[in-house]
Structures are given as structure tokens and as C-alpha cells.
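# Notes for the structure review
Here's the letter readout for the chains.
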Amino acid sequence: MIDSRALPKAELHVHIEGTFEPAQIFQFAQRNNVQLAYSSVAALEEAYKFTDLQSFLNLYYAAMAALRTERDFEELTIAYLQRAKAQGVRHAEIFFDPQAHLDRGLSFETVVSGLWAALQRSSEFGITTALIMCFLRDQSEASAMQTLELALSHRDKIIGVGLDSAELGNPPSKFQAVFDRARAAGFLTVAHAGEEGPPEYVWEALNLLKVSRIDHGVRCMEDSKLVAHLAQTEVPLTVCPLSNVRLRVVDRMADHPLKRMMEAGLRCTVNSDDPAYFGGYVGDNFSAVQSGLQLTDDDLVQLARNSFTSSFIDEAAKREYLAQIEGFAAMNTVMKFGLSR
Ligand code: ADE
Ligand code: ZN
């Protein structure tokens, strides 16, 4: 079997706040004099039993109370880069949720400066990186628009905008004007859609927000016209299998639609979403789908290829990363051949 953690890959769906590991939450809370509702790391981890997206979001936002300073955001991101390197990540497009920090009295500059300080060191980890700012869809359109205004002077650091948080009842249509303005300002666009929400939300993200990628998108499988459209237009889907199991989008990995999505000709990628909360980083997700869905080594290599072809890097960089995958796959074949004789 291929070493799924060594396979070169891009991570296109990771929330930096979702990489906040329990020990680091406590470390930052202590140095910032923040009182947490949990007495120990073990007590906090005990709460990681989610029943749906909202039950997770409640804890996710609560833990952010420990993030106060530029240094916190920098150290959080450096820790992610270290882990990503160990999982074969060569390129990462990283989400952040500024409204969740502005609401707690932090400035946009504190957050972006901390993230940016870390990302400027990406090459030390052999990784290229980009930042995507997400709007919280359970907040108002006006709040999203104000946040977009704050981002305009950071266009050099933020390549795109996305849409996340509680999906049900917050359709993409609510943010059409915000995304129009974001595109006019030169931002690329993506959106979470079809995680808990219906296929109609995926249609809206495509037709109204004109996104280049759909984050999650697994519920597209309930609409055969949508599947045909996604296959024909080759819109990438950033699928997050361990997240879907932990947030009860599916009961077990064996029930996950990823394999059927691939068979339907969809351009799927595999990602970690909020790895500190869902039991694994991106290489762990590759490994979990291989064993849970009986994917072949070729399937995993194809998912790795898709991760780069679906990324926002330029064509020359894509070719370079794809060549690294072919080299890795060829080596894997030689090793298998050697071992089978
Ligand atoms: N924010 C962080 N993780 C998320 C997810 N899986 N869905 C929606 N919003 C999120
Ligand atoms: Zn997500």
C-alpha cells in the first residue's frame, strides 16, 4: 500500500483555527489569562463528541477565546506547517475566520499579521501557502461586507474569500452582493456548500457566487443533474472525509460518498477541514479513505494529482508538483514489484 502520508499533496480545505490542538489551547489560555470552561486537556477532549456541524462550531468558537495576540496566530500557523510537512503537504491554501476574532475585540491587523509572519516562513517547511478569508454565513450580509472592506488593504496577502459556519438556513444567495464585490476587487472565490445543506445550495454557490471550487459538496450526490454539471465543468470539490464522519454527515467511513463521487467523474480532493478536532491531518484522511473505502493506490495518486490541479497556483508550479507525484508513484510501483517477487 502507498505511504499516504508521504504522497506529495496540496491541502485546499483547512481552517487554521481548526488546527488549534488541545494542549496549545491550554498553553495560550494560560499565558493570556483566559479562563476556559474546561479544567484540563482531557476534559476538553471529552467534549469532542459532535452530533452535527453546530455542536462542533460551538466548541470551535469557544476555544478561539485563547487566541489573543499576533504571536498566538503566528505560533498556531507554524505548528500547522510543521504537521502539514509530516503529512506530505507541499502546498496549502489556508482558511481563516476574521469575524470570529473581530467579535472578540481583536483587530483584523493582529490576525492577518500573525498568520502572515508564519506564512513567510513556509519555505522552511518545504511548503508554498496562500490565505483565504471566510465569511461566517450565520452572520449578516452587512457584517460580511464590512469584513471585506477590511481585507481590501491586504489584497497582497489574501488571495480569495470563502463562506463557512452554520450552513442550514444560510444559503449562498444571502451573500451574492458580497461575492460580486469580492470578485470585482480581484479575490478568487470558494464556498462551503452541500456539507449539511441541500444540493440547491451548491447550485447557488456556482450560479450566484460564481465560485471556482465547492468546499465539501458531498450532498451533490442527491441531484443527478448537479453531478452531471459538476463533472462536465470540472469544478473541484474539497472533500473532508474524517470531518464528515465526526460531524455525522455520514455514519461510518464505509458509507462515505467519495468513491461514488470519483466514479461519477467528479474532480474530488481530500482535505482535513479542522484536523485538531476530527482525529487527523490530511495524510491521515488519505489513509482513512483508502482503508474505509478500499481505494486503490492509483485512486490515492489521482486524488493527490487533483489536489494540485484544483489549487490556485500557476501552471508551471502545477507541472512541477505533478512531476513530484509521478516520481513518487513510480517509486511506489517499483517497491511493490520488488516486494511481490
Ligand atoms: N468552520 C470550520 N469548519 C467548518 C465546517 N466543517 N463547516 C462549516 N464551517 C466550518
Ligand atoms: Zn470547512
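Computed from a prediction, not measured in an experiment: that's the story for all the values here.

Next up on the list: the pairing of strand β6 (residues 213-216). Here strand β5 (residues 188-193) pairs with β6 via four bridges, running parallel. Bridging from a neighbouring strand, alanine 191 pairs with isoleucine 214 of β6. Remark: the β5/helix α9 (residues 199-207)/β6 crossover connection has right-handed handedness. Note that β6 and strand β7 (residues 237-239) share two bridges and pair parallel. Note that in β7 the partner of isoleucine 214 across the bridge is leucine 237.

Taken together, eight strands build an open sheet; the order of strands is β1-β2-β3-β4-β5-β6-β7-β8 and the sheet is parallel. Looking along the sheet, the strands with just one partner apiece sit at the ends: β1 (9-15) and β8 (268-270). Direction aside, the axes of adjacent strands within the sheet are offset by 25° on average. Alignment of β1 against strand β2 (residues 89-96), held across five bridges, turns out to be parallel.

What follows concerns the coordination of the zinc ion (ligand 2). In the first shell of the zinc ion (ligand 2), the protein supplies His13 (NE2), His15 (NE2), His192 (NE2) and Asp273 (OD), at 2.0 to 2.2 Å from the metal. Considering all four donor atoms around the zinc ion (ligand 2), angles at the metal cover 83 to 169° and the coordination shape is irregular.

Relative orientation of the contacting elements helix α4 (residues 70-86) and helix α6 (residues 108-119) amounts to 35°, with a least axis distance of 7 Å. Once α4 is placed against α6, the crossing between them reads as right-handed. For the pair α4 and α6, the contacting residues are Glu70, Phe73, Glu74, Thr77, Ile78 and Leu81 in the first and Thr110, Val111, Ser113, Gly114, Leu115, Ala117, Ala118 and Leu119 in the second. Here the residues of the contact of α4 with α6 sort into eight nonpolar, four polar and two charged.

Now for the side chain of threonine 77. Position of threonine 77 among the secondary structure elements: in helix α4. Leaving out residues up to four positions away in the same chain, threonine 77 has contacts with Ile16, Leu115, Ala118 and Leu119.

A few words now on the environment of isoleucine 132. Residue position: isoleucine 132 is located in strand β3 (residues 128-136). Judged by its relative accessible area of 1%, isoleucine 132 falls in the buried class. It is 21 Å that separates the C-alpha atoms of isoleucine 132 and glycine 283, two residues lying 151 residues apart in sequence. If sequence neighbours within four positions are ignored, isoleucine 132 has contacts with Glu93, Ile94, Phe95, Phe96, Ile159, Gly160, Val161, Gly162, Val190, Arg213 and Phe312.

Between the first and last C-alpha of α4 there are 25 Å, a value that for 17 residues agrees with the 24 Å anticipated at 1.5 Å per step. Here α4 has its buried residues at Asp72, Phe73, Leu76, Thr77, Ile78, Ala79, Tyr80, Leu81 and Ala84. The inward-facing, buried residues of α4 contact β1, α1 (22-31), β2, α5 (98-102), α6 and β3. Immediately downstream of α4, the backbone of glycine 88 shows phi near 80°, a positive value.

Further remarks concern helix α3 (residues 53-63). Every buried residue of α3 is accounted for by Leu53, Phe56, Leu57, Leu59, Tyr60 and Ala63. Looking at the buried positions of α3, the neighbouring elements they touch are β1, α1, α2 (41-46) and α13 (275-278). Of the residues flanking the start of α3, the one acting as N-cap is aspartate 52, its side-chain oxygen 3.4 Å from the backbone nitrogen of glutamine 54.

Moving on: the packing of aromatic side chains. Applying the stated criterion to the full structure yields 13 aromatic pairs. Summarising the aromatic geometry, the rings of phenylalanine 56 and phenylalanine 278 are spaced 4.8 Å apart at their centres and angled 55° between planes, so their arrangement reads as tilted. One end of the pair, phenylalanine 56, is in helix α3; the other, phenylalanine 278, is in helix α13, and 222 residues separate them in sequence. Judged by its relative accessible area of 2%, phenylalanine 56 falls in the buried class. Through a chain of ring-to-ring contacts, the aromatic side chains of Tyr48, Phe50, Phe56, Tyr60, Tyr61, Tyr277 and Phe278 assemble into a single cluster. One Lys or Arg, arginine 31, reaches over the ring of phenylalanine 28 and ends 4.3 Å from the middle of that ring. The ring of phenylalanine 312 carries the charged tip of arginine 213 above its face, separated from the ring centre by 4.1 Å.

Basis of the calculations
- Residues numbered from 1 in each chain as written.
- Chains lettered and ligands numbered in written order.
- Predicted model: local features only at pLDDT ≥ 70, side-chain atom pairs only at ≥ 80, totals over all residues.
- Heavy atoms only, no water.
- Pairing = 2+ DSSP bridges.
- Helix = DSSP H or I, 4+ residues; strand = E, 2+ residues; numbered from the N terminus.
- Right-handed = clockwise from strand over helix to strand, strands pointing away.
- Axes fitted to C-alpha atoms, helices over the stretch in contact; angles between N-to-C directions.
- Donors = N, O, S within 2.8 Å, 3.2 Å for Na, K, Ca; no water.
- Tetrahedral: all angles 85-135°; square planar, octahedral: opposite > 155°, others 65-115°.
- Left-handed = near helix turned anticlockwise from the far one by under 90°.
- Contact = heavy atoms within 4.5 Å.
- Nonpolar A, V, L, I, M, F, W, Y, C, P; charged D, E, K, R; others polar.
- Buried < 20%, exposed > 50% of the residue type's maximum accessible area, 1.4 Å probe, protein only.
- Expected span 1.5 Å × (residues − 1).
- Polar contact = N/O pair within 3.5 Å; in protein donor to acceptor, adjacent residues only side chain to side chain.
- Phe/Tyr/Trp six-rings, centres within 6.5 Å; stacked < 30°, edge-to-face > 60°.
- Lys NZ or Arg CZ within 6 Å of the ring centre and 35° of its normal.

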